[in-house]
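# Analysis of the macromolecular model
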Amino acid sequence: MTVFYEVDPSDVQKQGGDFGSGFAKTCERKTEEEKQRWMRALTYVANIAGEHSLNWDDEAEMIKKIAADVSNKLNVTPSKDFDGMVGMEAHLRKVNSCLRLECDEVKMIGIIGPAGIGKTTIARALFNQLSANFQLKCFIENLKGSYGNDGTDDYGSKLCLQSQLLSKILNQRDMKVHHLGAIKEWLQDQKVFIVLDDVDDLEQLDALAKEPSWFGLGSRIVVTTEDRKILKAHWVTDIYLVNYPSEEEALEILSLYAFKQSSPSDGFEELAKKITNICGNLPLGLRVVGSSLRGESRDEWACQLSKLETSLDRKLENVLRMGYDKLLKKDQSLFLHIAFFFNNEAIVHVTTILADSDLDVRNGLKTLADKSLVYVSTNGWITMHCLLQQLGRQVVYEQSDQPGKRQFLVEAEDIRNVLANETGTGSVVGISLDMSKIDEFFISGRAFEGMRNLRFLKIYGSHFSTLQMSENMEYLPRLRLLHWDSYPGTLLPQTFRPECLVEFHMAYSKLEKLWRGIQPLTNLKEIDLGYSKNLIEIPDLSKATNLKTLTLTSCTSLVELPSSIKNLHKLKKLMMMGCVKLQVVPTNINLASLEEVDMSDCSLLRSYPDISTNIKDLDVGNTKLEVHPSIVERLPRLEWFRIGSRNLKRLTHVPESVTHLDLSNSDIEKIPDCITSLSRLESLFVFKCRKLLTLQGLPSSLKYIDATDCGSLERVSFYFGDPMKDFMFHNCFSFQYPIRELMFQNCLNLDEESRRVLIQQRVYEYVCLPSKEVPAEFTHKARGNTLIIPMVMDCKGTFFASSRFKACLLLSPIKYSYLDITCRLMTAGGVTIMELNWDSMNVSHFITEHLFICGANLVRESLNVGVTANEIVFEFSCMDNAKIIECGVQILSEETESNSGSEVDYFETEAITDDHTYGNEYYEPEAAQCKYTCFWSWLKKLWSREENDDITEENMNPHYDLKMMKKVFALGISLLLLYLIFP
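Residues numbered from 1 in each chain as written. Predicted model: local features only at pLDDT ≥ 70, side-chain atom pairs only at ≥ 80, totals over all residues. Heavy atoms only, no water.

### Considerations on the overall build of the protein chain
Helix and strand content of the protein chain: 27 helices and 40 strands. A burial count over the protein chain gives 51% of its 983 residues as buried. Nonlocal contacts in the protein chain, meaning residues at least 24 apart in sequence, comprise 59% of its contacts between residues at least 6 apart. (Helix = DSSP H or I, 4+ residues; strand = E, 2+ residues; numbered from the N terminus. Buried < 20%, exposed > 50% of the residue type's maximum accessible area, 1.4 Å probe, protein only. Contact = heavy atoms within 4.5 Å.)

### Let's talk about the packing of helix H12 (residues 269-278) against helix H14 (residues 298-308)
Here H12 crosses H14 at 20°, and the two axes come no closer than 10 Å. Comparing the axis directions of H12 and H14 gives the class roughly parallel. As for the relative orientation of H12 and H14, their crossing is left-handed in sense. Of the residues in H14, those in contact with Leu-271, Ala-272, Lys-274, Ile-275 and Ile-278 of H12 are Arg-298, Trp-301, Ala-302, Leu-305 and Leu-308. Broken down by class, the residue content of the contact of H12 with H14 amounts to 8 nonpolar, no polar and 2 charged. (Axes fitted to C-alpha atoms, helices over the stretch in contact; angles between N-to-C directions. Parallel < 35°, antiparallel > 145°, perpendicular 65-115°, else oblique. Left-handed = near helix turned anticlockwise from the far one by under 90°. Nonpolar A, V, L, I, M, F, W, Y, C, P; charged D, E, K, R; others polar.)

### Some words on the sheet that holds strand E5 (residues 192-199)
On the basis of which strands lie adjacent, the open sheet formed by 5 strands has the order E4-E5-E6-E3-E7 and parallel pairing. Every interior strand has two partners, whereas the edge strands, strand E4 (136-140) and strand E7 (238-241), have only one. When strand polarity is set aside, the average angle formed by the axes of neighbouring strands in this sheet is 15°. Summarising the sheet, strand E3 (residues 107-112) and strand E6 (residues 220-225) pair through 6 bridges and their orientation is parallel. The partner of Ile-109 across the bridge, within E6, is Val-222. (Pairing = 2+ DSSP bridges.)

### Observations regarding the pattern of salt bridges
Within this structure, the stated rule accounts for 32 salt bridges. Notably, a salt bridge pairs Asp-227 with Lys-371, separated by 2.7 Å at the nearest N-O pair. Of this pair, Asp-227 sits in the loop between E6 and helix H10 (228-233) while Lys-371 is found in the loop between helix H18 (361-370) and strand E9 (375-376), placing the two residues 144 residues apart along the sequence. Residue class for Lys-371 comes out partly exposed when judged on its relative accessible area of 24%. One salt bridge connects Asp-667 with Arg-646, and the closest N-O pair in it is separated by 3.3 Å. One end of the pair, Asp-667, is in the loop between strand E24 (660-662) and helix H22 (673-676); the other, Arg-646, is in the loop between strand E23 (640-642) and E24, and 21 residues separate them in sequence. Arg-646 gets classed as partly exposed once you look at its relative accessible area, which sits at 36%. Through salt bridges with shared partners, a single ionic network connects Arg-314, Glu-317, Arg-321, Asp-325 and Glu-398. (Salt bridge = Lys/Arg side-chain N within 4 Å of Asp/Glu carboxyl O.)

### Topic: the packing of aromatic side chains
This structure, assessed with the given rule, holds 21 aromatic pairs. Ring centres of Phe-341 and Phe-408 lie 6.1 Å apart, and the angle between their planes is 50°; this geometry places the pair in the tilted category. Note that Phe-341 is positioned in helix H16 (residues 329-342) and Phe-408 in strand E11 (residues 408-409), a separation of 67 residues in sequence. Each member of the pair, Phe-341 together with Phe-408, is buried. Their ring planes at 65° and their centres at 6.1 Å tell us that Phe-448 and Trp-484 sit as a pair that is edge-to-face. On the criterion of sequence distance, the pair formed by Phe-448 in the loop between strand E13 (441-443) and strand E14 (456-460) and Trp-484 in strand E16 (residues 481-484) is long-range, its members being 36 residues apart. Across this residue pair, the class does not change: Phe-448 and Trp-484 are buried. A network of ring pairs unites the aromatic residues Phe-340, Phe-341, Phe-342, Phe-408 and Phe-456 as a single cluster. (Phe/Tyr/Trp six-rings, centres within 6.5 Å; stacked < 30°, edge-to-face > 60°.)

### Thoughts on the environment of Ser-700
Following the sequence through the fold, Ser-700 ends up in the loop between strand E26 (694-695) and strand E27 (704-706). Exposure remark for Ser-700: the relative accessible area of 21% places this residue in the partly exposed category. In this structure the C-alpha to C-alpha distance between Ser-700 and Ser-677, which are 23 residues apart in sequence, comes to 9.6 Å.

### What about unusual backbone geometry?
With a phi angle near 50°, Asn-142 is a residue other than glycine that sits in the positive phi range. By secondary structure assignment, the location of Asn-142 is in the loop between E4 and helix H7 (154-169). Here Ser-554, not a glycine, exhibits a phi torsion of approximately 55°, which is positive. Following the sequence through the fold, Ser-554 ends up in the loop between strand E19 (549-551) and strand E20 (573-575). Accessibility expressed as a relative area gives 14% for Ser-554, which makes it buried.

### So, the nonpolar core
Counting residues in hydrophobic clusters, the biggest one holds 119 residues, and the most contacted among them are Phe-448, Phe-504, Phe-641 and Phe-744. When residues of this core are assigned to their parent elements, the largest contribution, 4 residues, is made by helix H20 (residues 412-421). With residues near it in sequence (within four places) discarded, Phe-744 still touches Leu-695, Ile-705, Ala-707, Leu-713, Val-716, Leu-750, Leu-758, Cys-768, Leu-769, Pro-770 and His-850. Counting residues in hydrophobic clusters, the runner-up holds 62 residues, among them Ile-111, Phe-127, Val-288 and Met-384. (Core = buried A, V, L, I, M, F, W, Y, C linked by side-chain atoms within 4.5 Å.)

### Considerations on the pairing of E16
The alternating pattern of E16 places Leu-481 and His-483 and Leu-482 and Trp-484 on opposite faces, both of which are buried. Sheet analysis places E16 next to strand E17 (residues 503-505), joined by 3 bridges and oriented parallel. Among the inter-strand pairings, His-483 is bridged to a residue of E17, identified as His-505.

### Observations concerning the packing of helix H11 (residues 247-258) against helix H13 (residues 283-293)
Closest axis-to-axis distance for the H11/H13 pair is 7 Å, and the angle between their directions is 30°. As the angle between them shows, H11 and H13 are arranged roughly parallel. As H11 packs across H13, the resulting crossing turns out to be right-handed. Mapping the contact onto sequence places Ala-250, Ile-253, Leu-254, Tyr-257 and Ala-258 in H11 and Pro-283, Leu-286, Arg-287, Gly-290 and Ser-291 in H13. Looking at side-chain class alone, the contact of H11 with H13 contains 7 nonpolar, 2 polar and 1 charged residues.

### Re the side chain of Ser-657
Position of Ser-657 among the secondary structure elements: in the loop between E23 and E24. Its relative accessible area of 10% is what places Ser-657 among the buried residues. At 3.2 Å, the side chain of Ser-657 forms a polar contact with the backbone oxygen of Pro-636. From its side chain, Ser-657 meets the backbone oxygen of Leu-638 in a polar contact 2.6 Å long. When residues no more than four places from it in sequence are discounted, the contact partners of Ser-657 are Leu-635, Pro-636, Arg-637, Leu-638, Glu-639 and Arg-680. (Polar contact = N/O pair within 3.5 Å; in protein donor to acceptor, adjacent residues only side chain to side chain.)

### Regarding the sheet that holds strand E10 (residues 381-383)
Strand order in the open sheet formed by 3 strands is E8-E10-E9, and the pairing between neighbours is antiparallel. Looking at the sheet topology across the chains shown, the edges are occupied by strand E8 (345-346) and E9. Pairing of E8 with E10 involves 2 bridges; the strand directions are antiparallel. In the sheet register, Ala-346 faces E10, and the bridge partner there is Trp-381.

### A look at the confidence of the model for the protein chain
It should be kept in mind that the predicted coordinates are not to be read in detail where pLDDT is low. For the protein chain, per-residue confidence averages 83 on the pLDDT scale, and 85% of positions sit at 70 or higher. Segment residues 896-961 is flagged for pLDDT under 50; beyond a separation of four residues in sequence, or across chains, it makes 124 contacts in the model. (pLDDT = per-residue confidence, 0-100.)

Have a look at this one:
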């Protein structure tokens, strides 16, 4: 920095004037070399831009300017204000990847997310981190509401914004801007870093950063906003969406503000978790609530907890409400509908329910999503944050002091008062009552008479009604949604008109009948009368032509399904499980859309429900139904088939399309022959088939077998059905795909050979079977849940990626628990290398000790653990009440696998995805066919020459061993000759 005080810079440059005279005296008795060096230095200094006192009218102002410049120069060291902020490092890493600072082009990025998520904080931390790299930089904060709110016209508002930015970035006080090209004039050749915070109007971006050409090469502009639409309209394509912190991070944020430490103080753990949950992991909510509770007692925390469940902190409400207040009236109405009734619902469902309203649901949802007020998932589900939901309720509470005059009612006490005192008015649109939150109370049959505009009625939360009626209901409005669990009446009101109904849910009701005659039900999509044990009759549904789901589960008095269902050509699901008196089902009809039918436990059902040829999922388990050969023709698209029952002793026909077959609880003694030919079968369930002796002749396509509690099962064989192929492919190809899971819990009679087959079978997930000890092949063993294994590492301390392992755990007996096994791999010094998890979706019950065998790649790729080590620690844990008695591990190197010709291939991954990814290969039918083709091509090569120089260990598929192939070939040829001679 240069300051020329009462001296002309040209005199300094040329050493003239009074300055030159002074310089000459200074140079007396100096060498010529020194004099020349000083002259060059002064010439250089004179050319550095700075302050010249002769250009200032007010010397005091010049001094202020110099002081400000010095301060700014000294303040370039990044602050530590954001150090240790929870999750900030990850946020900055992701935003920096969007900025691509290595590029010279001008780049604008967006940071979006709902109010209170931390967008501004991230932007400030980013500015703090990067601003030192830019000569010109500025942070324009809190732009929300700054455009056009002071009565100025558009042009004046834009001039004001440009003046604000230029004054700040050029460090000039109150710069005057007279046209909208000023920013470009000043900054088009400058590399700048600008943050525009909380933008809520597209005109703000047009005024401050209309085009990249306004700024010099290498410039970066960061925009934070709640409204994605603004960024799209301004052609900003690089957008960072700020996600909510994890539960662990949220608890840490709350703890930092409430306790000034990273975890809750002793005794506050549960309260802190509940408050974190109420705040919905929103950082602003966690900060505000945490700060307000700092230093308070546990009783005060509990008191505040109950308040937070019903009302928002004022500071928090002010922040969240700004986005709501800027919405159009119709979008505000849609926001409230979602807050009260349609959070976590599908778009299709909401659109259908609100179809008769004046709301534009699809465009309204887009607006709410763009403004970060709801989240719409890729599969079409709507989610609103719990604090925004609470905001919606706060808005409705403010509509009136009298609950009966509000738009929506959800508070149990308010609803009790309105219904008991009949004070509801035409203002009420929706009621949602959680009966578990209220004691029993009585209402009259005319409780809803004043609410003529009521469209959504939801009474839920208990399988026994706390709401009683002194008489049958006399009046119900023309509802779109009627969801009333445990309805206490035996009849619906005679005056009830169901023509507007879209959803009709009255599970656990005391209803005996619904309505008389044929009603116009063209809007009706769903009927659920499950567990209505007194229901004796289903009304005529001829006009319910758009009905998609009919649920009559456990309607134990229902004898007949009405013939009117023949008109339900859009029906997709028919659920009648547990209708124990059901005898009459219409036949010889073909419902075009019906895909899922459940008539399990309909104990009197004897004939197949011949109602559609399009069924994909059929459950007739625990019935007296006999499978007729015609089922193959009647159900050509069947995929899931559940037919197990004590009456099933033999099965002769199954449609070839079946992929999942359930024979559980049946009395079969062996797998029926008709199953062997099911080339698409993926899952086989023989759960509790207590007479089953052998499990063999299975299709090679199987991926899942559950034989839990098959107490008589002795023999398990995974050979193919053809004995010739059995011999040639045994121990080479057990299944077309690696199996996912093998469940043989409590199969105590398994012979030793079957146990060996199960233990060695390659699977994706795990094998479970009874045993008393870890098998010998698991060479590394230890009592308990931890063992240490010597590990070969390279000089950099990096594990070789080709190593794999199988693990075997001996588990203690357990009673009805979900298995959730975790394996943590560490160095001896405690550095975690990786963590793996296997969990079972089935409830496990071990009557004796069991083996749980699983495995994975030791590392998916080389992982540098930061230290040189020669040991690896395997630490296993099992959630719930299962105890790990012993553990064993077998390390499988490439050499081990190539020499294991008689062994089945090993685990390669810890998880499976829907595309059947296995390691780096995709096991699809084409891939499997390719493996067989390769197999036979190698046999041809072996036949064509004795020495095969081109077939070596290096170029051969690693799944096959060369020596083993030669043996198989020789044996195969011998058998082929025998087969030809003695066919």
